[in-house]
Number of protein chains: 2
Amino acid sequence: MAGKSVSTRTARTRRAITAAAEDQFLASGFLGTSMDEIAAAAQVSKQTVYSHFQSKEALFLEVVSGMTGGAGDEVLEKVEDPVEETPMETFLLDYAESLLAIVVTPRLMRLRRLVIGEAERFPELGKVLHRRGPQRSIDRLSAAFERYMRAGSLRQADPRVAATTFNWLVMGGPVNDAMLLGDEAIPDASSMSAYANEAVRVFLAAYGSRP
Amino acid sequence: MAGKSVSTRTARTRRAITAAAEDQFLASGFLGTSMDEIAAAAQVSKQTVYSHFQSKEALFLEVVSGMTGGAGDEVLEKVEDPVEETPMETFLLDYAESLLAIVVTPRLMRLRRLVIGEAERFPELGKVLHRRGPQRSIDRLSAAFERYMRAGSLRQADPRVAATTFNWLVMGGPVNDAMLLGDEAIPDASSMSAYANEAVRVFLAAYGSRP
């Protein structure tokens with residue numbers, strides 16, 4: 001029992017540190033944030049921070065991994081993997097709209113700008129965001145497309161190429177505009193819906209099974 | 001005559017400063033570069049640098065504008081605007097391949113990472129890269145697509161939506177991979193060609209005039 005309550009407290013402290021680090025990094029960038037500030041914001045000692053994360057880099061990596069993975073989990077919860085009866089178009093539209101609404105947000109776009117700005121000095125960051133972000137999305141789409149191809153609802157093709165194409169049809173414009181133009185370029189709900197519809201229409205014209 | 005040779009010398013000095021600044025910024029980033037280093041690399045006094053550019057920000061803006069605009073000019077030279085006889089598919093393939101080959105390079109991808117990393121502190125940078133980069137490309141495609149639509153080689157549609165879709169079909173994956181994964185993710189010539197072909201095929205399936 002004592003063991004359990006210690007591990008619960010440890011987990012809680014770890015979450016407090018990660019949450020404080022997330023806010024600090026997003027507000028001040030990687031170089032502009034110190035472990036002292038994170039400790040103060042998390043209301044723990046600096047020693048405690050270091051007992052959980054060996055370095056500021058390790059902590060930043062955890063933040064990137066957590067935020068990106070969390071967004072992917074949200075999309076997964078919102079759009080279940082298609083079962084046989086789910087029409088292709090319904091799945092694609094739900095997926096596109098959820099991906100845009102969950103990923104193209106001020107916090108995640110800011111995180112992405114930070115990671116890209118640090119990608120050369122600290123390549124592991126970009127790799128983690130890529131793996132837990134677009135790569136995971138493309139893997140998941142690829143598996144769904146393989147099933148739709150087997151069922152004849154999509155033309156026979158390389159499911160990975162199809163998934164990459166669909167992912168960037170949806171995300172290419174909005175993500176790149178947000179990277180360069182900042183939060184004002186984040187599309188409103190109706191523009192996101194228009195983007196999603198265009199992406200699905202274009203994708204199905206190329207990959208849908210002919211009527 | 002004297003006036004002319006002074007202005008030639010002034011222009012030459014300005015070019016030397018811009019070239020030195022380009023190398024320094026790409027090597028050390030915006031914060032990591034000083035006006036002293038740029039002056040030394042350009043073999044001029046710091047005072048001369050300031051007589052051309054009031055601030056490090058103004059000089060960085062000039063570098064971003066010059067590099068991005070230069071790449072756009074190169075694409076323009078390589079792929080002329082289509083005349084009536086140019087088949088749609090030829091224009092699209094040439095455009096896609098040139099855009100990838102000229103823009104997805106280590107220098108321009110590094111510049112883009114720098115600009116994104118500074119976009120919040122220094123929003124004008126991202127705006128300039130956007131205006132002289134993707135926006136210019138989309139404007140040009142839009143004008144070409146309008147002509148093809150009038151000629152009946154493309155379905156009637158909003159040419160700007162079509163141009164945005166085509167631009168990100170070509171650039172979305174490669175640019176985003178390069179942003180997060182660095183230069184190793186820059187596709188080789190055969191992958192670029194595969195990307196361009198997929199983009200053109202998908203685009204024409206949705207926007208080509210039906211046979």
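Residues numbered from 1 in each chain as written. Chains lettered and ligands numbered in written order. Predicted model: local features only at pLDDT ≥ 70, side-chain atom pairs only at ≥ 80, totals over all residues. Heavy atoms only, no water.

1. Overview of the relation of the copies chain A and chain B
For these two chains of identical sequence, chain A goes onto chain B by a turn of 180 degrees and a shift of 0.0 Å along the axis, with RMSD 0.0 Å. Taken together, the rotation and translation describe the operation of a two-fold axis. The rotation axis passes nearest to the C-alpha of glycine 117 of chain A in chain A, at a distance of 1.9 Å. Looking at the interface residues of chain A, 100% of them are also at the interface in chain B, so both copies use one shared face. (Least-squares fit on C-alpha atoms with pLDDT ≥ 70 in both. Contact = heavy atoms within 4.5 Å.)

2. What to know about the nonpolar core
Counting 134 residues, the largest nonpolar core has Phe145 and Phe166 of chain A together with Phe145 and Phe166 of chain B as its most contacted members. Among all residues touching phenylalanine 145 of chain B, those that are not within four sequence positions of it are Met88, Phe91, Leu92, Leu154, Pro159, Ala162, Ala163, Phe166 and Phe203 of chain B. (Core = buried A, V, L, I, M, F, W, Y, C linked by side-chain atoms within 4.5 Å. Buried < 20%, exposed > 50% of the residue type's maximum accessible area, 1.4 Å probe, protein only.)

3. Focus: the confidence of the model for chain A
Overall, the prediction assigns chain A a mean pLDDT of 92, with 98% of residues at 70 or greater. Taken together, the chains of this predicted complex give a pTM of 0.92 and an interface ipTM of 0.91. (pLDDT = per-residue confidence, 0-100.)

4. Description of the packing of aromatic side chains
Counting across every chain of the model gives 20 aromatic pairs over all chains. With 5.1 Å between their ring centres and 25 degrees between their planes, phenylalanine 145 of chain A and phenylalanine 203 of chain A make a pair best called stacked. Residue phenylalanine 145 of chain A is found in helix α7 (residues 123-150), and its partner phenylalanine 203 of chain A is found in helix α9 (residues 189-207); the two are separated by 58 residues along the sequence. With a relative accessible area of 0%, phenylalanine 203 of chain A lands in the buried category. Relative to phenylalanine 122 of chain B, the ring of phenylalanine 30 of chain B has its centre 5.8 Å away and its plane inclined at 45 degrees; by these criteria the two rings are tilted. (Phe/Tyr/Trp six-rings, centres within 6.5 Å; stacked < 30°, edge-to-face > 60°. Helix = DSSP H or I, 4+ residues; strand = E, 2+ residues; numbered from the N terminus.)

5. A look at α9 of chain A
The terminal C-alpha atoms of α9 of chain A lie 26 Å apart, and with 19 residues this matches the ideal 27 Å at 1.5 Å per residue to within 8%. For α9 of chain A, every residue scored as buried is listed here: Met192, Ala196, Glu198, Ala199, Val200, Val202, Phe203, Ala206 and Tyr207 of chain A. Check the buried side of α9 of chain A and you find it contacts α5 (88-103), α7 and α8 (159-181) of chain A together with α8 (159-181) and α9 (189-207) of chain B. (Expected span 1.5 Å × (residues − 1).)

6. Some remarks on the layout of surface pockets
In this structure, the largest pocket spans a volume of roughly 740 Å³. Along the wall of the largest pocket there are 32 residues; nearest its centre are Gly117 and Glu118 of chain A together with Gly117, Glu118 and Arg121 of chain B. Residue assignment for the lining of the largest pocket shows that the elements contributing at least two residues are α1 (2-28) and α6 (106-118) of chain A together with α1 (2-28) and α6 (106-118) of chain B. The class makeup of the residues in the lining of the largest pocket is 14 nonpolar, 8 polar and 10 charged. (1 Å grid on protein atoms, 1.4 Å probe; cavity = no way out; pocket = protein on both sides within 12 Å on 5 of 7 lines; lining within 4 Å. Points joined across faces, edges and corners; volume = space filled by probe spheres on them. Nonpolar A, V, L, I, M, F, W, Y, C, P; charged D, E, K, R; others polar.)

7. Concerning the pattern of salt bridges
Tallied over the entire structure, the rule returns 24 salt bridges over all chains. A salt bridge links arginine 113 of chain B to glutamate 120 of chain A, with the shortest nitrogen-to-oxygen separation between them at 2.7 Å. Of the two residues, arginine 113 of chain B is situated in helix α6 and glutamate 120 of chain A in the loop between α6 and α7; the pairing between them involves two chains. Given a relative accessible area of 38%, glutamate 120 of chain A falls into the partly exposed group. When the shortest N-O distance is used, the salt bridge between arginine 107 of chain B and glutamate 22 of chain B registers 2.9 Å. Highlighted residues: arginine 107 of chain B in helix α6 and glutamate 22 of chain B in helix α1, separated in sequence by 85 residues. Linked through salt bridges whose partners overlap, the residues forming this network are Arg110, Arg113 and Asp183 of chain A together with Glu120 of chain B. (Salt bridge = Lys/Arg side-chain N within 4 Å of Asp/Glu carboxyl O.)

8. A short note on the interface of chain A and chain B
On the side of chain B, 34 residues touch chain A, which itself brings 34 residues to the contact. Of the roughly 3000 Å² buried where chain A meets chain B, counting both sides, 61% is carbon and sulfur surface. For the pair chain A and chain B, the interface holds 4 salt bridges. Ionic pairing is found between glutamate 120 of chain A and arginine 110 of chain B, a salt bridge with its closest N-O pair at 2.7 Å. Put simply, the parts of the chain that give the side of chain A that touches chain B at least two residues each are α6, α7, α8 and α9 of chain A. Tallying contributions element by element places α8 of chain A first for the side of chain A that touches chain B, with 13 residues. When its residues are assigned to classes, the side of chain A that touches chain B shows 17 nonpolar, 8 polar and 9 charged. (Buried area = accessible area lost by both parts, 1.4 Å probe.)

9. Focus on the environment of glutamine 135 of chain B
Residues and elements named next belong to chain B. Relative to the elements of secondary structure, glutamine 135 occurs in helix α7 (residues 123-151). The exposure class assigned to glutamine 135 is partly exposed, which follows from its relative accessible area of 25%. Remark: the alpha-carbon pair of glutamine 135 and asparagine 167, spanning 32 residues in sequence, is separated by 9.6 Å. Among all residues touching glutamine 135, those that are not within four sequence positions of it are His130 and Arg160.

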